[in-house]
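Structural features, examined
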Amino acid sequence: RTRSRSCNNPPPANGGAPCQPSGVSSVTASASCLLEQCGVWRPWSSWGACTLTCGGGTRARMRSCPVAGRCTGSTMQAEGCNLLACNIPVDGGFTQWTAWRDINGNCYGCPVGVQRQRTRSCTMPTPRQGGNPCSGST
């Protein structure tokens, strides 16, 4: 960008002092401050992949400065990720009971009347990595 000013509004008259700096009737200032020249960081990149799947890894993202040495701060930012320890046993947990339903009971093929039944399963969560199974009826 360029801007100019002149010493003519009003011009010095009746012994008035000239514009500063003394004796200059026109001042031109150039300011070139395009984003690439001002030391303004470009946006951060997306976060990279975590270095570990469990046990506390690190992920990073980067940014760049259009003009080396003009930006302050770091070009890289890192943070912890996947902080849960590896191979932690997970005990099983029951789902909610299903609604009651009527079923026809039988004993060796002979009807014995209507019975009511409800169920649940050990899948909330499923036991893994040596965790204990659910205890109780399903």
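Report follows, based on the coordinates. Note that this is a predicted model, so its numbers are computed, not measured.

1. Remarks on the overall build of the chain
Assigned secondary structure in the chain consists of zero helices and six strands. Secondary structure elements of the chain, listed N to C terminal, follow the sequence β-β-β-β-β-β. As displayed, the chain offers around 10,700 Å² of accessible surface, 52% of which is attributable to carbon and sulfur atoms.

2. Section: unusual backbone geometry
In this structure, Pro125 follows Met124 across a cis peptide bond, with omega equal to 0°. Here Pro125 is to be found in the segment after strand 6 (110-117). Positive phi, close to 45°, is recorded for Asn82, a residue that is not glycine. Tracing the backbone shows Asn82 in the loop between strand 4 (76-81) and strand 5 (101-107). Under the relative-accessibility criterion, Asn82 is labelled partly exposed at 38%. Unlike most non-glycine residues, Gln129 shows phi in positive territory, near 55°. Within the fold, Gln129 resides in the segment after strand 6.

3. Considerations on the packing of aromatic side chains
Considering all chains together, one arrives at zero aromatic pairs under this definition. The residue whose ring lies beneath Arg63 is Trp41, and the NZ or CZ to ring-centre distance is 4.0 Å. The side chain of Arg118 reaches across the aromatic face of Trp97, ending 4.5 Å from its centre.

4. Focus: the state of the cysteines
The final tally for this structure, using the stated rule, is four disulfides. Here Cys65 engages in a disulfide with Cys71; their sulfurs sit 2.0 Å apart. Its S-S torsion of about 75° marks the bond between Cys65 and Cys71 as right-handed, since a negative value means left-handed. As far as burial versus exposure is concerned, Cys65 and Cys71 are alike and both buried.

5. Some points on the pattern of salt bridges
Going through the model one piece at a time under the given rule, you end up with one salt bridge. Of the charged contacts, one joins Glu79 and Arg59 as a salt bridge, the two residues approaching to 2.4 Å between their closest N and O atoms. Note that Glu79 is positioned in strand 4 and Arg59 in strand 3 (residues 57-62), a separation of 20 residues in sequence.

6. Observations concerning the environment of Thr53
Tracing the sequence through the fold places Thr53 in the loop between strand 2 (26-30) and strand 3. According to the relative accessible area criterion, Thr53 is exposed, its value standing at 74%.

7. A short note on the environment of Pro12
By the secondary structure assignment, Pro12 is in the loop between strand 1 (2-6) and strand 2. Setting aside residues up to four positions removed in sequence, Pro12 forms contacts with Cys7, Ala17 and Pro18.

8. Section: the side chain of Arg63
Position of Arg63 relative to the elements: it lies in the loop between strand 3 and strand 4. It turns out Arg63 is buried and unbridged, and the closest side chain with the opposite charge, Glu79, is 14 Å from it. If we ignore the near neighbours within four places in the chain, the residues touching Arg63 are Trp41, Arg42, Pro43, Trp44, Thr72, Gly73, Ser74 and Thr75.

Quick notes on the rules
- Residues numbered from 1 in each chain as written.
- Predicted model: local features only at pLDDT ≥ 70, side-chain atom pairs only at ≥ 80, totals over all residues.
- Heavy atoms only, no water.
- Helix = DSSP H or I, 4+ residues; strand = E, 2+ residues; numbered from the N terminus.
- Areas by Shrake-Rupley, 256 points an atom, 1.4 Å probe, with all protein chains shown as cover.
- Buried < 20%, exposed > 50% of the residue type's maximum accessible area, 1.4 Å probe, protein only.
- Phe/Tyr/Trp six-rings, centres within 6.5 Å; stacked < 30°, edge-to-face > 60°.
- Lys NZ or Arg CZ within 6 Å of the ring centre and 35° of its normal.
- Disulfide = S-S within 2.5 Å.
- Salt bridge = Lys/Arg side-chain N within 4 Å of Asp/Glu carboxyl O.
- Contact = heavy atoms within 4.5 Å.
- Lys, Arg positive; Asp, Glu negative; His and termini not counted.

Any functional reading would require information that these geometric values do not contain.
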